[in-house]
Amino acid sequence: MSDVLEFMRAVWSLDHGLQAASKRMHKALGVTGAQRLAIRIIGRFPALSAARLAEVLHLDPSTLSGILKRLEEQGFVERELDSTDRRRVMLRLTKKGLRVNRSTKGTVEETMRKTLATFPAGRVAAASDVVKAIAKALRPSRAPVPRRPQVG
């Protein structure tokens with residue numbers, strides 16, 4: 001098998017593993033992997049705007065909107081008007097959100113931390129660079145897609 005196909009196979013296996021772990025997390029902690037990642041980022045950067053969170057997570061704002069809606073409905077996150085700009089809403093963790101933010105047992109993060117600790121830092125950094133480059137290359141461009149010329 002070519003290096004590219006072997007790498008793709010590994011990435012698909014990782015994606016499948018992440019989805020399965022996310023389902024287990026949802027059963028154990030009440031949040032999916034994507035929801036917990038949003039909680040972790042909000043916990044690190046209190047008073048973050050939804051737009052900035054979407055940028056940090058490399059998510060389309062509409063995708064993040066659904067994640068935040070579910071987190072609010074479940075009582076993990078609350079929105080608060082920015083005192084300096086009443087048009088802007090800031091995200092904060094609730095007490096329930098703070099508990100999930102601190103909890104690591106049974107999370108994807110715990111598994112990654114343990115696994116990454118078995119590799120030298122240079123290999124982890126190189127792997128991270130490769131994954132980031134591929135993710136960037138796969139992101140849809142913001143440039144308009146040229147239309148095909150109409151034929152006859």
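How each quantity is defined
- Residues numbered from 1 in each chain as written.
- Predicted model: local features only at pLDDT ≥ 70, side-chain atom pairs only at ≥ 80, totals over all residues.
- Heavy atoms only, no water.
- Axes fitted to C-alpha atoms, helices over the stretch in contact; angles between N-to-C directions.
- Helix = DSSP H or I, 4+ residues; strand = E, 2+ residues; numbered from the N terminus.
- Parallel < 35°, antiparallel > 145°, perpendicular 65-115°, else oblique.
- Contact = heavy atoms within 4.5 Å.
- Nonpolar A, V, L, I, M, F, W, Y, C, P; charged D, E, K, R; others polar.
- Pairing = 2+ DSSP bridges.
- Salt bridge = Lys/Arg side-chain N within 4 Å of Asp/Glu carboxyl O.
- Buried < 20%, exposed > 50% of the residue type's maximum accessible area, 1.4 Å probe, protein only.
- Core = buried A, V, L, I, M, F, W, Y, C linked by side-chain atoms within 4.5 Å.
- Expected span 1.5 Å × (residues − 1).

**Regarding the packing of helix H1 (residues 3–29) against helix H2 (residues 33–44)**
- Look at H1 against H2: their axes get within 8 Å of each other, and the N-to-C directions meet at 70 degrees. With respect to H2, the axis of H1 lies roughly perpendicular. Residues Ser 22, Met 25, His 26 and Leu 29 of H1 form the contact with H2, whose own contacting residues are Gly 33, Gln 35 and Arg 36.
- A class-by-class count of the residues in the contact of H1 with H2 yields two nonpolar, four polar and one charged.

**Re the sheet that holds strand E2 (residues 77–81)**
- Judged by pairing direction, the sheet is antiparallel, and its three strands sit side by side in the order E1-E3-E2 without closing on themselves. Every other strand in the sheet has two partners, leaving strand E1 (48–49) and E2 as the edge strands with one partner each.
- Across two bridges, E1 lies against strand E3 (residues 89–93) in antiparallel orientation. Counted as the bridge partner of Leu 48 is Leu 91 from E3.
- Sheet strands in contact with H2 are E1, E2 and E3, and its direction is about 105 degrees off that of E3.

**Quick look at the pattern of salt bridges**
- Per the counting criterion, the structure on display carries nine salt bridges.
- In this structure, Glu 109 and Arg 40 form a salt bridge, with 2.9 Å as the shortest nitrogen-oxygen distance. With Glu 109 in helix H6 (residues 108–116) and Arg 40 in helix H2, this residue pair connects regions lying 69 residues apart in the sequence.
- Using a relative accessible area of 25% as the deciding quantity, one classes Glu 109 as partly exposed.
- Ionic pairing is found between Arg 52 and Glu 55, a salt bridge with its closest N-O pair at 2.9 Å. In this pair, Arg 52 and Glu 55 are both assigned in helix H3 (residues 50–57), three residues apart and thus about one turn of the helix distant.

**Focus: the nonpolar core**
- By size, the foremost hydrophobic cluster in this structure holds 21 residues, and its most contacted members are Leu 53 and Leu 71.
- Contributing elements (two or more residues each) for this core: H1, H2, H3, helix H4 (61–73) and E3.
- Here Leu 71 is in contact with Val 31, Gln 35, Ala 38, Ile 39, Phe 76 and Val 77, once residues within four sequence places are set aside.

**A closer look at H1**
- The terminal C-alpha atoms of H1 lie 38 Å apart, and with 27 residues this matches the ideal 39 Å at 1.5 Å per residue to within 8%.
- Those residues of H1 lying buried are Ala 21, Ser 22 and Met 25.
- Looking at the packing, one finds that the buried side of H1 touches H2 and H6.
- One or two steps after H1, the chain reaches Gly 30, where phi turns positive at roughly 90 degrees.

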